[in-house]
Amino acid sequence: MGLIIANGASSLTPPEVITNEVLSRHNVYGVTFDGKSSKGKPLYNAIDQKWIPATATDPGVDTWKDVAPFNVKKCITDYDASATYKRKVLAYEGDGNYDTLKTEKTGDRMIEFPIGYYYRPDPWTFIVSPDPIEGFQPSPACDLGNGTILKGFRLSEFDLCNVSSVPRSIPGYGPWVSVDAQTLKNGLKAKGQYLETFGAWCWINFLRLIKQQNLNSQKVNGMGINSGNSTRVMTEDNIQGLDGYIGITANDNVRTLGLQNFYGHVWDFLHNVMVRSASKVWIKKDFINADTWPTYSDAIPSGWEELAVSIPTSYSWISELAWNSNEPWALYPSKAGGNDVEPIGDYFYTSNNDPFSVVFVGGCIWHESFGGALSWDSLSSLSDMRSDVGGRGLEIIL
């Protein structure tokens, strides 16, 4: 199908002000928060949608599942040396061969996200659409920052596991931990995949916030795996929906837009983001050509850019998320405060003396209420290997 070449502004162009009258004429979904409470107020077509978390015994209610760009699909993909980007879809959920492939653990279990467009006029308002409305920008998961816009992406349904030194997305294994980010990235590249990107993580949070209407993921979608002495074998959790839990307070699996344990269990490395000089966030939007992280002693390679808003330099709960008119898509901690419930309920770890850090997200086992969909850790160097940090694979859709 080819790449979409963006016409007009890139995602770093300051967002223009779009009036409510204009937004009301389009197919848009949104949420806004007051900065004090975790609960949001639905905007535009989100008012007509409903979500009640699924469990292993109850499908809940999810009118979002057929609404673009929230209409994610479960699929199974595999390496294909003849394909442009080395991946092919073997089956989608509902196809005749899907269950057989699952049982035989053929290929990788993935969640497919279509392209969408966003408008974030202030730190607490998130609006998305399946349509390229004037003033909206392409999903940060699909915008490579050079005029090239992907048609979508896929993310591992499960945290990556290690099968004969090959990163896989299948149940029946423990997550691949005690590994450094570059090793994961290299293993994925060999099979046509990438490490989860900063833009994909931001976009999934955009969708999650609008669908769940709450900043605190653990409060409405379950605590997730948040305590124990070691990581667990990943299993089929049988949660009967795309978003839900085994039990709201259970120390067990959760699903977010089809992804098992988007938060909880282990932290996940992010691909094309780093923190330098303790508080400066740097990104490279063209993750396809971001094979390595530049160390602190390296000259910054072409394509890496510093974001305008710094992160705080001490551990704390997150009270505000970064927002800048030139980078409205970028979600990360910008102010310390709050607590384990309000307004966000997620924690961040950072260092005031580390010259270079990689980033991992999601919070994990051993961290209890400190975890969550917006939790952030930029404490570790590129060579660090931790028993509570893994990752997810990402595929691009042409």
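Parameters at a glance
- Residues numbered from 1 in each chain as written.
- Predicted model: local features only at pLDDT ≥ 70, side-chain atom pairs only at ≥ 80, totals over all residues.
- Heavy atoms only, no water.
- Pairing = 2+ DSSP bridges.
- Helix = DSSP H or I, 4+ residues; strand = E, 2+ residues; numbered from the N terminus.
- Buried < 20%, exposed > 50% of the residue type's maximum accessible area, 1.4 Å probe, protein only.
- Arc of directions from axis to C-beta.
- Contact = heavy atoms within 4.5 Å.
- Polar contact = N/O pair within 3.5 Å; in protein donor to acceptor, adjacent residues only side chain to side chain.
- Expected span 1.5 Å × (residues − 1).
- Salt bridge = Lys/Arg side-chain N within 4 Å of Asp/Glu carboxyl O.
- Phe/Tyr/Trp six-rings, centres within 6.5 Å; stacked < 30°, edge-to-face > 60°.
- Lys NZ or Arg CZ within 6 Å of the ring centre and 35° of its normal.

**As for the sheet that holds strand 26 (residues 347-349)**
Each strand in a sheet pairs with another by means of backbone hydrogen bonds, the pair being arranged parallel or else antiparallel.
Then, number 1: Spatially, 25-24-26-29-28-20-30 is the arrangement adopted by the seven strands of the open sheet, whose pairing is mixed. Looking along the sheet, the strands with just one partner apiece sit at the ends: strand 25 (333-336) and strand 30 (389-390).

**Comments concerning helix 3 (residues 181-189)**
Then, number 1: Of all the positions in helix 3, only Ala181, Gln182, Leu184, Lys185 and Leu188 are classed as buried. Each buried residue of helix 3 sits inside an arc of 160° when the element is viewed along its axis, so together they form one side.
Then, number 2: Check the buried side of helix 3 and you find it contacts strand 15 (166-168), strand 16 (194-195), strand 20 (267-269), strand 30 and strand 31 (393-397).
Then, number 3: The backbone nitrogen of Gln182 lies 3.1 Å from a side-chain oxygen of the residue at the head of helix 3, namely Asp180.

**Focus on helix 4 (residues 198-212)**
Then, number 1: Over its 15 residues, helix 4 runs 21 Å from end to end, which matches the ideal 21 Å to within 8%, given 1.5 Å per residue.
Then, number 2: Among the 15 residues that make up helix 4, 15 are buried, leaving the element largely enclosed by the rest of the structure.
Then, number 3: Positive phi appears at Gln213, one or two residues downstream of helix 4, with a value of about 55°.

**Things to note about the pairing of strand 13 (residues 152-156)**
Then, number 1: Most of strand 13 is tucked away: five of the five residues are buried.
Then, number 2: Here strand 13 shows two buried faces, one formed by Gly152, Arg154 and Ser156 and the other by Phe153 and Leu155.
Then, number 3: Direction of pairing for strand 8 (residues 108-114) relative to strand 13: antiparallel, over a ladder of five bridges. Note on strand 13: the bridge partner recorded for Phe113 is Phe153.
Then, number 4: Sheet topology places strand 13 next to strand 31; four bridges connect them, and they run antiparallel.

**Regarding the pattern of salt bridges**
Then, number 1: Going through the model one piece at a time under the given rule, you end up with 21 salt bridges.
Then, number 2: The partner of Arg109 in a salt bridge is Glu157, and the shortest N-O contact between them spans 3.3 Å. Of the two residues, Arg109 sits in strand 8 while Glu157 sits in the loop between strand 13 and strand 14 (161-163), which places them 48 residues apart along the sequence.
Then, number 3: The class of Arg109 is buried, set by a relative accessible area of 4%.
Then, number 4: One salt-bridge network, in which partners are shared between bridges, spans Arg87, Asp108, Glu112, Arg154, Arg168, Lys191 and Glu395.

**As for the packing of aromatic side chains**
Then, number 1: Counted by the stated rule, this structure contains 24 aromatic pairs.
Then, number 2: On the basis of an interplanar angle of 25° and a centroid distance of 6.2 Å, the ring pair of Trp203 and Phe206 is categorised as stacked. Of this pair, Trp203 and Phe206 both sit in helix 4, three residues apart, which is roughly one turn of the helix.
Then, number 3: Take Phe206: its relative accessible area is 0%, and that puts it in the buried class.
Then, number 4: Among the aromatic residues, those joined into a ring-pair cluster are Trp267, Phe269, Tyr315, Trp317, Tyr347, Tyr349, Phe360 and Phe370.
Then, number 5: Seen from the ring of Tyr92, Lys73 lies directly overhead, with NZ or CZ sitting 5.4 Å from the centre.

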